[in-house]
Amino acid sequence: MRRQHPLIVAISYLTMAFLYMPLAGVAIFSVNAARRGMVWKGFTFKWYLKLFENDWILEAAWNTLLLAVISTVVATILGTILAIAMDRFPWRSRTSNFLDTILHIPVIIPDIILAASLVVAFGLLRLASSVFEPGLLNMIIGHITFQIAFVALVVRSRLVAIGREVEEAARDLFATNWYLLRKVMLPLLMPGIIAGAMLAFTLSLDDFVISFFTAGPESQTLPLFIFAAVRRGVTPQIHALSTLIMLVTVVLVVLTERFTRHR
Amino acid sequence: MKRADSVITWYGELTTRQQLLKRGALLLTPGMFWLMLFLVLPGLVLVVVSVVTRGAYGQLEWTFTLENYKRLAGYTLFGWTPDYLMILWRSVVVAFFTTLVSVILSYPLCFFIAGRPERSRYMWLTLVIIPFWTNMVIRAYAWFLILSPELPFARLAAMFGFIPDGAPLYPNAFAVYLGMVSMFLPFVTLPLYASVERLDWALVEAAQDLYASRFRTFTQAILPQTMPGLSVGVILTFVPAMGMFVVPDLLGGAKYMLVGNLIQQQFGTSRDWPFGAAISMGLMVLTMIGLQIYRRKGKEIEVI
């Protein structure tokens, strides 16, 4: 192992402290008995218990989950099909460059621009149909739109990694299109599809901007709720809620790590 | 016989090009239809809306005008003001320095992690991944909490006379930078680490054997090798940093507005979609210019 300069070690520890100090602060104040202010008044779990009596928070949690699950399922299906379509057919290079550019748009433009364009587009679609009132449906559409790109990119890199030999072997053994897809492609692609779906799910849970622009009064999600609460003035309940969300994130990250590393 | 109809083998299948393309188009349709309808079309609509007029109640009036862009450039009824241009410029500066500081902090951190023994290396890496996936609203408001007047940081700043006694350490530029850097640091660290982990140390040693200074060793032996990871990190940071509005909203206040806040304002309280669309175009152009400059400097870039 290479010897490390003490300065590198020192900077690294300081950087990590810089990343975690604010989060630790939230966790500490979530178990502080003081109703307001930053003075330590003893240990308590009551703010956590109160979360489960707060209908708004429960509804926001439900909306968050619903939004993430529905959008992830749709985006994973559409993204996977799109990846196969883009990678496994003899497109002319102009066509495939064009498709590639469209696929990269959500990755390389600031999400606030996507959000703004969706607001305007939904505004015009509303003239045609009232389903496009700000609300959960709009949020789901918005999330799917950026998730598709990420799923397709992840699945496509898996397609490239698989190569063509297995497929050729299956064809040589007279596999039909359907058999090839079900028994050869999908099993081989599964790790990529799952990785793409997990990425899409986390992106949806993490998103604030798209939701903020497309949400209606009835479709609060947890990030929106916290944002609104902070502007009104933070309460210990918000600390407790945030700490819980952070814990869920930690569990998800560790699980994902385990899952992808053992593959 | 036409080339399109000739029989080819494709992935072991005996077929014609035409048949393949027909099947491919069928598979392409659902995903591309969605992206056209909800990504490309709304984008074009946004361009159109940026040149129409806002009605008295915030509705769109289809008279075409360049008024919104003129307003963004600072021309008002009462003469020229640099207000909006200042906000755009500030966003570029903030995004640039956020990226720069994140890169400067990421290099030592990556080398530190890469130098850990195998077991603890994954722990350290996980410790960087966790903030990466933690919701940014929570991470922004965590700073809001840490900088509040009763806690040591604000007290210390008050002691040195930077802020009045009993005031929080926000809203100001300093708080925005703290929030931005902590928000985007993992976005640089993670892709950069992928490159640092694969670093060929023989080249670094060769540079040292030839008496290269520390600086030259870095620029000639380390930087070129870590360029792929660095490029991804820089793009992942610079682009969203340009459009960021949560951090400046919570930690910057009205005095330190960024273009993200300005856009949000037009679609929120002001209800001025055409102007909001024009600002979005401005942001888009700035982002593209930033990426172009970087692309020219950094030669080859692979996104994802």
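In this text, all values refer to a predicted model and were calculated from it rather than measured experimentally.

This part covers the overall build of chain B. If you tally the helices and strands in chain B, you get 12 helices and six strands. The dimensions of chain B, computed from C-alpha atoms along their principal axes, are 85 × 70 × 35 Å. For chain B, the residues scored as buried account for 41% of the 304 residues in total. For chain B, long-range pairs separated by at least 24 residues make up 63% of all intrachain contacts whose partners lie at least 6 apart in sequence.

With that out of the way, let us pick up the overall build of chain A. Scanning chain A for helices and strands turns up 11 helices and zero strands. For chain A, the sequential pattern of α-helices and β-strands runs α-α-α-α-α-α-α-α-α-α-α. Computed over the C-alpha atoms, the radius of gyration of chain A is 23 Å, more than 25% above the 18 Å expected from 2.2 N^0.38 for a compact globule of 263 residues. By its C-alpha atoms, chain A is 75 × 65 × 30 Å across when sized along the principal axes. Burial analysis of chain A (263 residues in total) assigns 40% to the buried set. For chain A, the share of sequence-separated contacts (at least 6 apart) that also reach a separation of at least 24 residues comes to 79%.

The next point concerns the interface of chain B and chain A. Accessible area lost upon the coming together of the parts serves often as the stated size of an interface. Listed per partner, the contact involves 74 residues of chain B and 76 residues of chain A. Across the side of chain B that touches chain A, the residue classes break down as 55 nonpolar, 15 polar and four charged.

Right, let's talk about helix 7 (residues 173-197) of chain B for a bit. Residues and elements named next belong to chain B. Taking 1.5 Å as the rise per residue, helix 7 with 25 residues should run 36 Å; its terminal C-alpha atoms sit 35 Å apart, in good agreement. If you look at helix 7, its biggest bend is around 35 degrees, right at Phe-184, and the proline Pro-186 turns up within four residues after that. A large share of helix 7 lies buried, amounting to 19 of its 25 residues.

Here B:Tyr170 and B:Pro171 are connected by a cis peptide whose omega angle stands at -5 degrees. Phi at A:Phe174 takes a positive value of approximately 65 degrees, unusual for a residue other than glycine. Residue position: A:Phe174 is located in the loop between helix 7 (165-172) and helix 8 (177-206). Residue classification places A:Phe174 among the exposed residues on the basis of 7 C-beta atoms within 10 Å. Although it is not a glycine, B:Tyr211 adopts a positive phi angle of roughly 60 degrees. With respect to the helices and strands, the residue B:Tyr211 is situated in the loop between helix 8 (201-209) and helix 9 (214-243).

Quick look at the domain arrangement of chain B now. Domain boundaries assigned for chain B yield domain 1 (1-43) and domain 2 (76-298). When each unit is reduced to the centre of its C-alpha atoms, the spacing between domain 1 of chain B and domain 2 of chain B is 41 Å.

Here the focus is the pairing of strand 2 (residues 13-16) of chain B. Here strand 1 (residues 7-10) of chain B pairs with strand 2 of chain B via four bridges, running antiparallel. In the sheet register, B:Ile8 faces strand 2 of chain B, and the bridge partner there is B:Thr15.

Turning to the packing of helix 6 (residues 136-162) of chain A against helix 8 of chain A, a few remarks are in order. Residue and element names in this part refer to chain A. One way to put it is that helix 6 packs onto helix 8 with a least axis distance of 8 Å and a crossing angle of 155 degrees. Relative to helix 8, the element helix 6 lies roughly antiparallel. Helix 8 is crossed by helix 6, and the crossing has right-handed handedness. Along its contact with helix 6, which presents His-143, Phe-146, Gln-147, Phe-150, Val-151, Val-154, Val-155, Arg-158, Leu-159 and Ile-162, the element helix 8 presents Leu-188, Leu-189, Pro-191, Gly-192, Ile-193, Ala-195, Gly-196, Ala-197, Leu-199, Ala-200, Leu-203 and Ser-204. Grouping the amino acids of the contact of helix 6 with helix 8 by side-chain chemistry returns 16 nonpolar, five polar and one charged.

This brings us to the confidence of the model for chain B. Residue and element names in this part refer to chain B. Here chain B shows a mean pLDDT of 87. Residues at 70 or above account for 95%. Strand 2 is the least confidently modelled element of chain B, averaging 78 in pLDDT, while helix 3 (residues 83-114) averages 94, the highest of any element. Across residues 300-304, where pLDDT falls below 50, the model places 13 contacts with residues more than four positions away in sequence or in other chains. Across the predicted assembly, pTM comes out at 0.88 and ipTM at 0.89.

Along the polypeptide, A:Phe208 turns up in the loop between helix 8 and helix 9 (209-214). For A:Phe208, the residues in contact, after removing those within four places along its chain, are A:Pro223, A:Phe227, B:Met136, B:Val137 and B:Val246.

Closest axis-to-axis distance for the helix 5 (residues 111-128) of chain A/helix 11 (residues 259-267) of chain B pair is 11 Å, and the angle between their directions is 10 degrees. Looking at the two axes, helix 5 of chain A sits roughly parallel to helix 11 of chain B. Every residue of helix 11 of chain B that contacts helix 5 of chain A at A:Ile112, A:Ala116 and A:Val119 is listed here: B:Gly260, B:Ile263 and B:Phe267. A class-by-class count of the residues in the contact of helix 5 of chain A with helix 11 of chain B yields five nonpolar, one polar and no charged.

A general tendency of soluble globular proteins is for nonpolar side chains to be buried together. Judged by nonpolar contacts, the single largest core of 145 residues is most densely connected at A:Leu82, A:Ala116, A:Ile226, B:Ala140, B:Tyr141 and B:Phe144. No fewer than three residues from each of domain 1 (1-43) and domain 2 (76-298) of chain B sit in this core. Residues in contact with A:Ile226, not counting those within four places in the same chain, are A:Ile238, A:Leu241, A:Ser242, B:Val137, B:Ile138 and B:Tyr141.

All names here are of chain B. Relative to the elements of secondary structure, Ile-163 occurs in the loop between helix 6 (152-159) and helix 7. Overall, the presence of 20 C-beta atoms within 10 Å leaves Ile-163 in the buried class. Here Ile-163 is in contact with Ala-154, Ala-157, Ala-158 and Leu-169, once residues within four sequence places are set aside.

Calculation rules
- In every chain, residue numbers begin from 1 and rise along the written sequence.
- Going through the entries in the order they are written, you letter the chains from A and number the ligands from 1.
- At least 70 in pLDDT is required for a residue's local features to be given in this predicted model, at least 80 for side-chain atom pairs to be given and counted, and no such filter applies to totals for whole chains, interfaces and linings, which use all residues.
- Secondary structure elements follow DSSP: runs of H or I no shorter than four residues count as helices, runs of E no shorter than two count as strands, and numbering proceeds from the N terminus.
- With C-beta atoms placed from the backbone, a residue is buried if 20 or more other C-beta atoms are within 10 Å of its own, exposed if 12 or fewer are, and partly exposed between those counts.
- We call two residues in contact if the C-beta atoms placed from their backbones are at most 7 Å apart.
- The globule rule used for comparison is 2.2 Å times the number of residues to the exponent 0.38, while the radius of gyration itself is calculated over C-alpha atoms.
- Gly is put with the polar residues, along with every residue not named as nonpolar or charged; the nonpolar set is Ala, Val, Leu, Ile, Met, Phe, Trp, Tyr, Cys and Pro, and the charged set is Asp, Glu, Lys and Arg.
- Multiplying 1.5 Å by the helix residue count minus one yields the expected span of that helix.
- The reported bend at a residue is simply the angle between two axes, fitted to the 7 residues ending at it and to the 7 residues beginning with it.
- The domain boundaries here were taken from an automatic or database domain assignment.
- Strand pairing is assigned whenever DSSP identifies at least 2 bridges connecting the two strands.
- Note on geometry: axes are C-alpha line fits, over the in-contact stretch for helices, and angles between N-to-C directions span 0 to 180 degrees.
- Each angle receives one of four descriptions, namely roughly parallel if under 35 degrees, roughly antiparallel if over 145, roughly perpendicular if within 65 to 115, and oblique otherwise.
- In this scheme the handedness of a crossing depends on how the near helix is turned from the far one: anticlockwise by less than a right angle means left-handed, clockwise means right-handed.
- Confidence per residue, as judged by the predictor, is encoded in pLDDT with a range of 0 to 100.
- Remark: nonpolar core denotes a set of buried Ala, Val, Leu, Ile, Met, Phe, Trp, Tyr and Cys residues whose joining runs through C-beta atoms within 7 Å.

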